[in-house]
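What the coordinates show
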Amino acid sequence: MIRFITISVFLLLLRPSSAAPTIPISQQFKEAPQFYNSPECPSVLHTDNGSTVHVAMTLDAAYIRGSMAAILSTLQHSSCPENIIFHFVTSASSDTFLLHDTIANSFPYLRFHVYPFDDSEVAGLISTSIRAALDCPLNYARSYLANILPTHVNKVVYLDSDLVLVDDIAKLAATPLGDSILAAPEYCNANFTFYFTPTFWSNPSLSSTFANRKPCYFNTGVMVMDLARWRDGGYTTKIEEWMELQKRMRIYELGSLPPFLLVFAGKIAPVDHRWNQHGLGGDNFRGLCRDLHPGPVSLLHWSGKSKPWVRLDAERPCPLDALWAPYDLLKPPFSFDS
């Protein structure tokens, strides 16, 4: 089992002031406005009454700009932003203090915790996929949230870093799970056989995994997760077992997604598609521009090869990247405001 070290933000008080790192000018971010609860929100002093929305995200230097936009959009569209607690998971090999300070400087009033993830052991379970970015051990942290987060956190909304919300996250968090461990939008029109190799489908002992199930593709970048039931059911171990098999025989190509599908496809609670308008980063090969799926939108997700901040910087944006830009907190070059 992977070992985890949990750091509460209060421990940062122990760090000598002389050790405080500086953010490179190219990665300095503006301070976001403070957002306040509407009058009808439950008191933030009562965190055990079910009113707290727990949000989990991974955090690293490569995607920090996207993370900042995701946080801002979540707060801006929430009716009760003070009732949101963020849980950021970082690689233990990263500069955790620097990442913490980056968030704290832009969101001084944010309620959050940072958890270093000892990804050295999961790295040994990862097989190469069709895109190098998918092989980052931090991509697999979502499989370990039940181990990483405190045991009093029983339900969490997991979000990728390449998305923005345009609706109240409390609506998503309130998704009824029923008997399911997690909830996510399903896409049953997608070719499910694509996510596994011919080796998998030609082996009856493997393909029978989906017997008596109606498996559909779902994107793991937006999920509502019951961590209490995940812990009780040992679902991290179930995912690891499929990863171990993948090391012995090639049964899939797409990073951390297929193990989730193997364990959960056909067993998840449904979520309206408006909560994951995904694929806006294009496919995994060319990253071409894409349009929105038909229907209403509550969350825009630039999953895929290209990211909106990269295309905007290159002055080659896709039309929908303009919807991400208002949440970009990066300071302009040569901006020296405090």
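As a starting point, this report considers the structure included with it. (Residues numbered from 1 in each chain as written. Predicted model: local features only at pLDDT ≥ 70, side-chain atom pairs only at ≥ 80, totals over all residues. Heavy atoms only, no water.)

**Concerning the sheet that holds strand β2 (residues 84-91)**
Sheets are built from strands paired through backbone hydrogen bonds, the pairs being either parallel or antiparallel. Strand order across the open sheet formed by seven strands is β3-β2-β1-β4-β9-β6-β10, with mixed pairing between neighbours. The open sheet is flanked by β3 (112-117) and β10 (269-270), the only strands paired with a single partner. In the sheet, strand β1 (residues 53-58) pairs with strand β4 (residues 155-159) via two bridges, with the strands oriented parallel. When the sheet's bridge partners are listed, A56 is paired in β4 with Y158. Running at roughly 170 degrees to β2, helix α1 (residues 64-76) makes contact with β1, β2 and β4 of the sheet. (Pairing = 2+ DSSP bridges. Helix = DSSP H or I, 4+ residues; strand = E, 2+ residues; numbered from the N terminus. Contact = heavy atoms within 4.5 Å. Axes fitted to C-alpha atoms, helices over the stretch in contact; angles between N-to-C directions.)

**Description of the layout of surface pockets**
Considered as a void within the structure, the second largest pocket measures approximately 490 Å³ in volume. For the second largest pocket, the lining is made up of 26 residues, of which G50, S51, T52, V53 and H54 are closest to its centre. (1 Å grid on protein atoms, 1.4 Å probe; cavity = no way out; pocket = protein on both sides within 12 Å on 5 of 7 lines; lining within 4 Å. Points joined across faces, edges and corners; volume = space filled by probe spheres on them.)

**As for the packing of aromatic side chains**
All told, the structure shown has 23 aromatic pairs when counted by the stated rule. Measuring from ring centre to ring centre gives 5.8 Å for F196 and F210, while their planes differ by 55 degrees; the resulting arrangement is tilted. Taken together, the residues F196 in the loop between β7 (186-187) and α6 (198-201) and F210 in the loop between α7 (204-207) and β8 (217-218) connect sequence positions 14 residues apart. Residue F196 is classed as buried on the basis of its relative accessible area of 4%. (Phe/Tyr/Trp six-rings, centres within 6.5 Å; stacked < 30°, edge-to-face > 60°. Buried < 20%, exposed > 50% of the residue type's maximum accessible area, 1.4 Å probe, protein only.)

**Describing helix α9 (residues 235-248)**
Its 14 residues place the ends of α9 21 Å apart at the C-alpha level, agreeing with the 20 Å of an ideal helix rising 1.5 Å per residue. Among the residues making up α9, those that are buried are Y235, T236, I239, E240, W242, M243, L245 and Q246. Those residues of α9 that are buried lie in contact with α3 (120-123), α4 (145-148), α6, α7, α8 (227-233) and α10 (257-264). (Expected span 1.5 Å × (residues − 1).)

On their own, these measurements won't tell you what the molecule is for.
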